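# Remarks on the overall topology
Residue strings, one per chain:
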Amino acid sequence: MSAATHDLSLLAVNLTRRCNLSCAHCYLDARTLRQPDEDELTTRQVQALLDDVAALGHGTMVVLTGGEPLIRRDLETLVRYGSRLNLPIVIGTNGMMLSQRRVDSLKKAGVLGLGISLDSLDPHTHDRYRGRSGAWAKTIAGIEHCRRSGVDFQLHFSITDANAHELPSMAEFAQACGARSLNVFFLVCVGRARSVMSITQQRYETLLAELIQLQSDYPGLIVRPRCAPHYKRIAYQLQPEALINRISGRDGDGCIAGIHYARVNHRGGVTACPYIEHEVGNIHELAFSRLWAEAEDFRQLRSPVLGGKCGACEYRVLCGGCRARPLASGNGLMDEDDLCAYQPRGAPVVQAISSTEISAPSWSPEAQQRLSRVPDFLRKMVKKRAEAYVSGLGEDRVTCQHLSKLAAARFGASGPPKISALRAVGNGKREPV
């Protein structure tokens, strides 16, 4: 299957391994604050990577992360450069260095938003996870600075047995503080996370169902699991008649590693996701775009032949399991995901929704115009969800009213992020939505 079929929607770039914390669950095993690795990507090398990604024409969202990316003195330079290439640029951070001045500086550079890690609402628990006293207070202050400056942000909550009971409270806090979304990360035990207790299979099932309920309870907030493609099965089991629940996670809202997502580490190594440590190549030796098109690991992920119970599961098309977990357990890329408790029952495979089943509703001119303003990396998913939603209603025409309802359900009352309003175009003016 050609790489053209697999648009790169999301690219994570580890700008550095340096960090001001030593988190117990860090997948990168980030270390020393002061001394960068000798082979850490330079400003120009990151800019060349952004040029290459922009040339693909996929409108890729780029996540600049670390370690702690705010340690990089050239961060605003990189944000500004990517924005001028019309790449949506977001930053993943622990939030401790988000002073009011720094937030305003990033906003001026054109950052789309920030993902801020928060492991607990209890300061002592968060500080213990993060390995530094006072971390919680500085992160909360950073969140407040984003809110004051009107910079979009989301909260990242890494869940374990020790803090899983806080999930409802964390959703309540996320909505109250003005976060756009709460991303709940289920650990993949790589890096320092190898020594952290994850959750049991049974607790995992319960939490995924709880997340679905929380999304219903907090319609103004996006509540979504990360590294947990099995929620596609649970959503289908709860409401099998809803066509929207038969959209494959591989289309954008499940595991997209190597399909629509990749990572470049601080040395230039390319992997299918941050939790897959095996590098398919290095951008110092071969352009990222070539690796994206040709890497064997990516080919396997795009046409998977799954083993174990994942290969026998009737939900393998909707879900497919996490591909990083079997590797972390010492097995192969296509082996079963051992966090899943579900036992296949030999039933027919639940097929992802096809274009024939959606019955191809037409689009009103106004809805088409609105869809054209959706960022490239989201447009295909939005189109498919809208058509599945309208077909499920028994209607045959997508209107702006349908899109508004879907946007409110997905993004809350504030609607989707206004990406084009943040882009600095070549003449230095702001491009309106």
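Residues numbered from 1 in each chain as written. Predicted model: local features only at pLDDT ≥ 70, side-chain atom pairs only at ≥ 80, totals over all residues. Heavy atoms only, no water.

This part is about the state of the cysteines. Each disulfide consists of one covalent bond between the sulfur atoms belonging to two cysteines. Using the criterion set out here, one finds zero disulfides in the structure. Unpaired in terms of disulfides, Cys23 finds its nearest cysteine sulfur in Cys19, a separation of 5.7 Å. Judged by its relative accessible area of 8%, Cys23 falls in the buried class. Left without a disulfide partner, Cys227 is nearest to the cysteine sulfur of Cys322, which lies 5.7 Å away. (Disulfide = S-S within 2.5 Å. Buried < 20%, exposed > 50% of the residue type's maximum accessible area, 1.4 Å probe, protein only.)

Here we come to the pairing of strand E2 (residues 61-65). Most of E2 sits inside the fold, with five of its five residues counted as buried. Side chains Met61, Val63 and Thr65 project from E2 onto one buried face, and the interleaved Val62 and Leu64 project onto a second face that is buried too. In the sheet, strand E1 (residues 10-14) pairs with E2 via five bridges, with the strands oriented parallel. Its bridge partner being in E2, Leu11 is matched across the sheet by Val62. Where E2 and strand E3 (residues 89-93) come together, three bridges link them in parallel fashion. In the strand pairing of E3, Val63 is matched with Val90. The parallel pair E2 and E3 is bridged by helix H2 (residues 75-84), and the resulting crossover is right-handed. (Helix = DSSP H or I, 4+ residues; strand = E, 2+ residues; numbered from the N terminus. Pairing = 2+ DSSP bridges. Right-handed = clockwise from strand over helix to strand, strands pointing away.)

So, on to the pattern of salt bridges. Under the counting rule described, the total for this entry stands at 13 salt bridges. For Arg72, the salt bridge goes to Asp74, with nearest N and O atoms at 2.8 Å. With relative accessibility at 5%, the residue Arg72 sits in the buried group. The buried category is assigned to Asp74, whose relative accessible area is 11%. (Salt bridge = Lys/Arg side-chain N within 4 Å of Asp/Glu carboxyl O.)

Okay, the packing of H2 against helix H3 (residues 100-109) next. Two numbers describe how H2 lies on H3: the axes approach to 8 Å, and their chain directions differ by 25°. Relative to H3, the element H2 lies roughly parallel. Between H2 and H3 the crossing geometry is right-handed. Residue-level contacts link Leu75, Glu76, Val79, Arg80 and Ser83 of H2 to Arg102, Ser105, Leu106 and Ala109 of H3. Tallied by class, the residues present in the contact of H2 with H3 amount to four nonpolar, two polar and three charged. (Axes fitted to C-alpha atoms, helices over the stretch in contact; angles between N-to-C directions. Parallel < 35°, antiparallel > 145°, perpendicular 65-115°, else oblique. Left-handed = near helix turned anticlockwise from the far one by under 90°. Contact = heavy atoms within 4.5 Å. Nonpolar A, V, L, I, M, F, W, Y, C, P; charged D, E, K, R; others polar.)

This next bit is on the sheet that holds E1. Strands sit in the order E7-E6-E5-E4-E3-E2-E1-E8-E9-E10 across an open sheet of 10 strands; the sheet is mixed. Of all the strands in the sheet, the pair left with one neighbour each is strand E7 (222-226) and strand E10 (281-282).

Averaged over all residues, the pLDDT of the protein chain is 86; the fraction at 70 or higher stands at 85%. Counting interchain partners and residues more than four positions distant, the pLDDT-below-50 stretch residues 419-433 has 30 contacts. (pLDDT = per-residue confidence, 0-100.)

Here the focus is the side chain of His260. Checked against the element boundaries, His260 lands in the loop between helix H8 (231-238) and strand E8 (261-264). When its relative accessible area of 13% is taken as the criterion, His260 is described as buried. Side-chain polar atoms of His260 contact the backbone oxygen of Arg250, separated by 3.2 Å. (Polar contact = N/O pair within 3.5 Å; in protein donor to acceptor, adjacent residues only side chain to side chain.)

This part is about the packing of helix H1 (residues 43-55) against H2. For any two helices packed against each other, the geometry comes down to the angle between their axes and how far apart the axes lie. It is at 10 Å that the axes of H1 and H2 come closest, and there the two elements cross at 20°. The orientation of H1 relative to H2 falls into the category roughly parallel. The crossing of H1 and H2 is right-handed. Packed against H1, whose contacting residues are Thr43, Arg44, Val46, Gln47, Leu50 and Asp51, the element H2 presents Thr77, Leu78, Tyr81 and Gly82 at the interface. Across the contact of H1 with H2, the residue classes tally to four nonpolar, four polar and two charged.

Cis rather than trans, the peptide bond between Gly66 and Gly67 has omega equal to 15°. Here Gly67 shows up in the loop between E2 and H2. In this structure, Asn86 is a non-glycine residue whose phi angle is positive, near 65°. Position of Asn86 relative to the elements: it lies in the loop between H2 and E3. One non-glycine residue, Cys227, lies in positive phi territory at about 60°.

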